[in-house]
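Each chain is listed here by its residues.
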Amino acid sequence: MDSTIFTRAFDRRVRTLLAVLGISVVVGGAFGTHTLWQANLEQGYMPAQPIDFSHAVMAGKHNIDCLYCHTQALKGPHAGLPTVSDCMKCHKEIQTKDAEGKLKHGLARLNEHWREKKPIEWVKVHDLADFAYFDHSRHLQPHTGLWCQDCHGDIEKMDRVKRVNSLKMGWCLECHMQAPTATTPAGWTTRAPINCSTCHR
Ligand code: HEC
Ligand code: HEC
Ligand code: HEC
Ligand code: HEC
Ligand code: HEC
């Protein structure tokens, strides 16, 4: 007596189907979690930094120009970060003490890096995948009317930098496809190319 109800070939097909289903659930689940999770994680991402550097103090209260520290923003793809010796152009003099008369913690850390000639390893807040191309200087043109806050939010009010936009493809495209409005000054460009090779080269 044969106990199998179905033929072997059918059994094999069922097993293959189950295997395929299993794999798609695992892969699909991982992919879905990756995309959704990333999207949630990346917008609002606000990592701790090795030194509590406050844009609210330096760019806000003391009104130091963004380009004083991010010197490359008008010149090329990357805005650039200041080096320890850039910081020391001011902080050789500015050595503020706290209420207890001790040197402020952040400044003590900065002095340490200066003495030991050790660069500060800032944690990146904005970081596109390598397959996407972005260029600051192409955006910061008189005819675009764009400035830092349009993409980075009110950095001059932040004690710790936060990523206010997702930097996902949809975010780039939304702006690139924007039509001029009644208040767009004459001569400004709001639209930009949306063909794939603009950003994926
Ligand atoms: C005194 C120097 C200084 C000034 C002025 C300054 N920044 Fe920064 N900026 C830094 C340093 C240092 C970091 C890295 C540490 C951090 O993220 O807080 C940074 C980080 C950033 C980042 C995040 C970089 C990343 O990792 O993605 C953005 C965006 C930024 N600054 C924009 C601005 C804007 C906009 C202004 C003007 C309103 C400005 N900064 C003024 C020094 C400066
Ligand atoms: C059109 C949107 C846009 C504008 C305007 C803009 N940024 Fe950015 N910024 C980005 C994007 C996107 C990244 C991530 C780039 C990457 O990872 O390749 C970035 C990254 C940065 C970084 C970290 C990496 C780097 O390029 O050094 C700093 C610092 C920064 N921006 C500062 C500024 C400052 C200062 C201004 C104004 C002078 C500015 N940005 C204007 C979109 C913008
Ligand atoms: C153009 C001058 C200038 C530059 C460049 C500069 N700072 Fe400052 N920084 C200031 C001033 C002004 C203050 C406010 C001092 C005060 O409150 O008495 C300050 C305050 C600070 C504080 C103390 C903040 C607080 O109140 O707790 C830290 C930490 C600091 N800076 C770190 C840095 C680092 C790190 C860099 C380089 C990435 C840097 N600064 C570059 C001018 C500068
Ligand atoms: C707030 C609006 C805005 C956002 C957000 C934005 N862009 Fe742009 N982009 C522009 C404008 C405006 C231009 C300039 C068009 C011109 O000069 O005619 C431009 C130009 C460019 C160019 C140069 C195009 C050329 O002519 O070759 C590239 C590359 C680019 N953007 C990539 C990106 C990427 C990648 C992102 C997202 C990470 C992004 N942009 C986000 C508005 C934006
Ligand atoms: C204005 C800039 C821009 C244009 C135009 C653009 N992309 Fe993207 N693309 C991006 C950015 C930014 C990302 C996200 C990079 C990251 O996550 O760090 C991205 C991501 C992707 C991804 C990875 C999946 C994802 O959604 O994160 C694919 C696939 C892709 N783009 C294909 C395309 C194709 C195909 C076109 C043309 C129809 C295109 N892109 C046009 C900027 C652009």
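The shown structure was predicted, so the numbers you read here are calculated from the model rather than taken from an experiment. (Residues numbered from 1 in each chain as written. Chains lettered and ligands numbered in written order. Predicted model: local features only at pLDDT ≥ 70, side-chain atom pairs only at ≥ 80, totals over all residues. Heavy atoms only, no water.)

> Explanation requested: the site of ligand 4 in the structure shown.
Around ligand 4 sit 19 residues, and of these Arg 138, His 139, Cys 172, Cys 175 and His 176 come closest. Taking Arg 138, its side chain carries an N or O atom lying 2.8 Å from an oxygen atom of ligand 4. Take His 143: an N or O atom from its side chain is 2.8 Å from an oxygen atom of ligand 4. Secondary-structure elements contributing two or more residues to the shell around ligand 4 are α6 (136-139), α8 (169-176) and α9 (196-199). Among the elements that take part in the shell around ligand 4, α8 stands out by supplying 4 residues, more than any other. A breakdown of the residues in the shell around ligand 4 according to their chemical character gives 10 nonpolar, 7 polar and 2 charged. (Near = heavy atom within 4 Å. Polar contact = N/O pair within 3.5 Å; in protein donor to acceptor, adjacent residues only side chain to side chain. Helix = DSSP H or I, 4+ residues; strand = E, 2+ residues; numbered from the N terminus. Nonpolar A, V, L, I, M, F, W, Y, C, P; charged D, E, K, R; others polar.)

> Looking at this structure, I do not really get the packing of helix α4 (residues 84-91) against helix α5 (residues 105-115). What am I missing?
The description of two packed helices rests on the angle between their axes and on the distance between the axes. Axis separation between α4 and α5 bottoms out at 10 Å; the angle between their running directions is 125°. Taken together, α4 and α5 sit at an angle that is classed as oblique. Crossing hand, α4 versus α5: left-handed. Residues Val 84, Ser 85, Cys 87, Met 88 and His 91 of α4 pack against Leu 107, Leu 110, Asn 111, His 113 and Trp 114 of α5. (Axes fitted to C-alpha atoms, helices over the stretch in contact; angles between N-to-C directions. Parallel < 35°, antiparallel > 145°, perpendicular 65-115°, else oblique. Left-handed = near helix turned anticlockwise from the far one by under 90°. Contact = heavy atoms within 4.5 Å.)

Scope: geometric values only; no functional claims are made or implied.
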